[in-house]
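Examining the three-dimensional arrangement
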Amino acid sequence: MTDRRMGSWFEDLTVGSTTRHAVTRTVTETDNVLFTTMSMNPQPLHLDAEFAAGTEFERPLVNSLLTLALVVGLSVPELTLGTTVANLGFSSVQFPAPVFAGDTIHVITEVTGARLSSSRPGNGVVEFRHDGYNQRNELVCRAHRAALMRCRPTADEPVKEEVA
């Protein structure tokens with residue numbers, strides 16, 4: 001069995017620690033159209049350039065749920081890849097600036113809380129604040145979320161491989 005873990009164990013995620021995630025992503029018009037239509041969102045502000053031209057933004061906005069998914073997804077390699085049990089939820093999400101096709105998103109995450117699980121031995125609950133920025137360093141998304149994370153296995157415990 002191969003250890004596919006790249007993420008961090010619960011014990012590595014200390015309150016106050018920050019990670020500037022290595023992977024960035026330029027959002028394309030295709031990304032936005034596919035995500036918006038796959039999620040059954042007919043909002044013309046995301047899909048209709050002529051409609052969007054008549055708004056204060058003058059061009060289509062990237063769907064905010066795509067922005068959220070991207071901001072959380074970019075954090076996965078360093079934080080949760082192979083070490084998370086479950087995403088527990090979001091306590092707040094803000095979008096202080098719009099995202100447009102062609103914007104490149106980078107993410108910085110801070111651990112804002114961590115405690116051992118009272119109901120699941122070998123696991124801990126970690127609270128993250130994910131801040132997504134565009135190429136001009138403007139904050140475009142801030143998401144607070146909690147995840148159930150695996151604790152570091154002991155020497156006599158094999159690392160469990162996740163099932164896709």
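This text goes with the structure placed above it.
Residues numbered from 1 in each chain as written. Predicted model: local features only at pLDDT ≥ 70, side-chain atom pairs only at ≥ 80, totals over all residues. Heavy atoms only, no water.

1. Things to note about the overall build of the protein
For the protein, the count of helices and strands is 4 helices and 6 strands. Start at the N end of the protein and walk to the C end: the helices and strands fall as β-β-α-α-α-α-β-β-β-β. In terms of overall dimensions, the protein has a C-alpha envelope of 65 × 30 × 30 Å along the principal axes. Buried positions account for 36% of the 164 residues belonging to the protein. (Helix = DSSP H or I, 4+ residues; strand = E, 2+ residues; numbered from the N terminus. Buried < 20%, exposed > 50% of the residue type's maximum accessible area, 1.4 Å probe, protein only.)

2. Quick look at unusual backbone geometry
Non-glycine residue Met40 carries a positive phi angle of around 60°. Inspection of the secondary structure puts Met40 in the loop between α1 (29-38) and α2 (44-47). Residue classification places Met40 among the exposed residues on the basis of a relative accessible area of 70%. The residue Asn137 is not glycine, and still its phi comes out positive at about 65°. Turning to its location among the elements, Asn137 is positioned in the loop between β5 (123-133) and β6 (139-150). Judged by its relative accessible area of 51%, Asn137 falls in the exposed class.

3. As for the side chain of Asn134
Position of Asn134 relative to the elements: it lies in the loop between β5 and β6. Among the polar contacts made by the side chain of Asn134, one reaches the main-chain amide nitrogen of Arg136 at a distance of 2.9 Å. Excluding residues that lie within four positions of it along the chain, Asn134 makes contacts with Asp103, Thr104, Ile105, His106 and Val140. (Polar contact = N/O pair within 3.5 Å; in protein donor to acceptor, adjacent residues only side chain to side chain. Contact = heavy atoms within 4.5 Å.)

4. A word on the pattern of salt bridges
Counted by the stated rule, this structure contains 6 salt bridges. Across the pair Arg129 and Asp131 runs a salt bridge whose closest N-O atoms are separated by 3.1 Å. Between Glu138 and Arg136 there is a salt bridge, and its shortest N-O distance comes to 3.2 Å. Residue Glu138 is classed as partly exposed on the basis of its relative accessible area of 34%. Using a relative accessible area of 47% as the deciding quantity, one classes Arg136 as partly exposed. (Salt bridge = Lys/Arg side-chain N within 4 Å of Asp/Glu carboxyl O.)

5. Looking at the environment of Thr14
Residue position: Thr14 is located in the segment before β1 (18-20). Distance from Thr14 to Gly113, taken between C-alpha atoms, is 7.8 Å for residues 99 residues apart in sequence.

6. Notes on the nonpolar core
Counting residues in each nonpolar core, the largest one holds 15 residues, and the members touching the most others are Val27, Val99, Ile105 and Val140. Of all the secondary-structure elements, those providing two or more residues to this core are α4 (64-79), β4 (104-116) and β6. If one sorts the elements of this core by residue count, α4 sits on top with 6 residues. Leave out the neighbours within four places in its chain, and Ile105 touches Thr24, Arg25, Val27, Leu70, Val71, Leu74, Val99, Tyr133, Asn134 and Val140. Within the second largest apolar cluster, 9 residues are counted, among which are Leu13, Val126, Ala147 and Met149. (Core = buried A, V, L, I, M, F, W, Y, C linked by side-chain atoms within 4.5 Å.)

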